[in-house]
Amino acid sequence: TIMSSAELVQYLKLLNFTHVRENEQLFTEQFVECESKPLCMHILYWLLSKRAELKTRAYVVKYLKKFEMDEQFLIDPVVYDLMEQLKQKKALFKTTHQQYMESNTLSDDDISGMHTELTQLRHEREQLMQKLAAMKQRVFGGDEQRFNDILSSTSLLRRNQETEALLFERG
């Protein structure tokens, strides 16, 4: 289906297109009457250059756009309650979406800090592996089976101690 010019103007308004926001009536007249190539090219350029931002905005607008109803219907208590619930749900959606966007954005400092920490953890792991191999060689002289037996025994002992501590905490 082909979208009408009025619908396109409404979508551009929802996406906060500057020319629609400044003077909607003038923009609509220019767009509908002229349908000029420069205006269409400007709209396409704007849409494509801000794609990521507009994608998020379109998602939010889809759930937050106004639902207009005649006042005569709002007299009914059931309809009025439903409209109030809709307002509450929209507010909840807005705050939840804002929290998601805040938690989902990482700054360059956060990312570089994570890379540094990951590199450090890898280095520490390598050092521990070298220490473990050296200890194995020094204590057991290459007897792998004897080392594995002691390792499994100490692991079992540690698990039993943790279980006892947990049972003690429960009472």
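Residues numbered from 1 in each chain as written. Predicted model: local features only at pLDDT ≥ 70, side-chain atom pairs only at ≥ 80, totals over all residues. Heavy atoms only, no water.

**Q** Please provide a residue-by-residue account of helix H9 (residues 144-170), values included.
**A** Compared with an ideal rise of 1.5 Å per residue, which puts 27 residues at 39 Å, H9 spans 39 Å between its outermost C-alpha atoms and is within 8% of the ideal. Count one or two residues on from H9 and you reach glycine 171, which has phi positive near 100 degrees. (Helix = DSSP H or I, 4+ residues; strand = E, 2+ residues; numbered from the N terminus. Expected span 1.5 Å × (residues − 1).)

**Q** An account of a nonpolar patch on the surface is needed here, citing residue identities and associated values.
**A** A contiguous nonpolar patch, built from Met41, Leu44 and Leu48 and spanning about 350 Å² of accessible area, is present on the exposed surface. Position of leucine 48 among the secondary structure elements: in helix H4 (residues 37-49). (Patch = residues over 30% accessible without salt bridge, like charges linked within 9 Å, V, L, I, M, F, W, Y side chains within 5 Å. Areas by Shrake-Rupley, 256 points an atom, 1.4 Å probe, with all protein chains shown as cover. Salt bridge = Lys/Arg side-chain N within 4 Å of Asp/Glu carboxyl O.)

**Q** Describe the packing of aromatic side chains, with residues and values.
**A** A full pass over the atoms with the stated rule returns two aromatic pairs. When the centroid spacing of 4.8 Å and the interplanar angle of 70 degrees are considered together, the rings of phenylalanine 17 and tryptophan 46 count as edge-to-face. Taken together, the residues phenylalanine 17 in the loop between helix H1 (5-14) and helix H2 (18-22) and tryptophan 46 in helix H4 connect sequence positions 29 residues apart. You'll find phenylalanine 17 and tryptophan 46 in the same group, each marked buried. Taking the centre distance of 6.0 Å and the plane angle of 55 degrees together, the rings of tyrosine 59 and phenylalanine 93 count as tilted. Residue tyrosine 59 is located in helix H5 (residues 51-64), and its partner phenylalanine 93 is located in helix H7 (residues 77-104); the two are separated by 34 residues in the primary sequence. (Phe/Tyr/Trp six-rings, centres within 6.5 Å; stacked < 30°, edge-to-face > 60°. Buried < 20%, exposed > 50% of the residue type's maximum accessible area, 1.4 Å probe, protein only.)

**Q** Break down the nonpolar core for me, citing the residues and quoting the values.
**A** For soluble globular proteins, the rule of thumb is that nonpolar side chains tend to be buried together. Among the nonpolar cores identified, the biggest contains 11 residues, and these are Val9, Leu12, Leu15, Phe17, Val20, Phe27, Phe31, Leu39, Ile43, Trp46 and Leu54. Taken together, the elements giving at least two residues each to this core come down to H1, helix H3 (24-34) and H4. For this core, the leading source of residues is H4, giving three residues. Beyond its immediate chain neighbours, meaning those up to four positions away, phenylalanine 27 contacts Val9, Leu12, Phe17, His19, Val20, Leu39 and Ile43. (Core = buried A, V, L, I, M, F, W, Y, C linked by side-chain atoms within 4.5 Å. Contact = heavy atoms within 4.5 Å.)

**Q** How would you sum up H5? Please name residues and give values.
**A** For an α-helix, the turn length of 3.6 residues means that residues three or four places apart are oriented alike. With 14 residues, H5 extends 20 Å between its outermost C-alpha atoms, agreeing within 8% with the 20 Å of an ideal straight helix rising 1.5 Å per residue. When H5 is considered as a whole, its buried residues turn out to be Leu54, Val60 and Val61. All buried residues of H5 project into a common sector of 130 degrees when viewed along the axis, lining one side. Pointing more than 90 degrees away from the buried face of H5 are the exposed residues Arg51, Ala52, Lys55 and Lys62. Residues of H5 that are buried sit in contact with H1, H4 and H7. (Arc of directions from axis to C-beta.)

**Q** Outline the confidence of the model for the chain, listing residues and values.
**A** Here the chain averages 82 in pLDDT, and 94% of its residues register 70 or above. Mean pLDDT values for the elements of the chain range from 73 in H3 up to 89 in H9. (pLDDT = per-residue confidence, 0-100.)

**Q** Go over unusual backbone geometry, please, and point to the residues and values.
**A** In the Ramachandran plot, asparagine 16 falls in the positive-phi region, its phi being about 70 degrees despite a non-glycine side chain. Within the fold, asparagine 16 resides in the loop between H1 and H2. Note on asparagine 16: relative accessible area 29%, which makes it partly exposed.

**Q** Could you give me a rundown of the pattern of salt bridges, with the residues and numbers involved?
**A** This model, assessed by the stated rule, comprises two salt bridges. In this structure, the salt-bridge partner of glutamate 84 is lysine 87, at a minimum N-O distance of 3.6 Å. Within this pair, glutamate 84 and its partner lysine 87 are both found in helix H7, separated by three residues, close to a single helical turn. In this structure, glutamate 162 engages arginine 158 in a salt bridge whose closest nitrogen and oxygen atoms are separated by 3.2 Å. Here glutamate 162 pairs with arginine 158, and both are found in helix H9, just four residues apart, close to one helical turn. Residue classification places arginine 158 among the partly exposed positions, given a relative accessible area of 42%.

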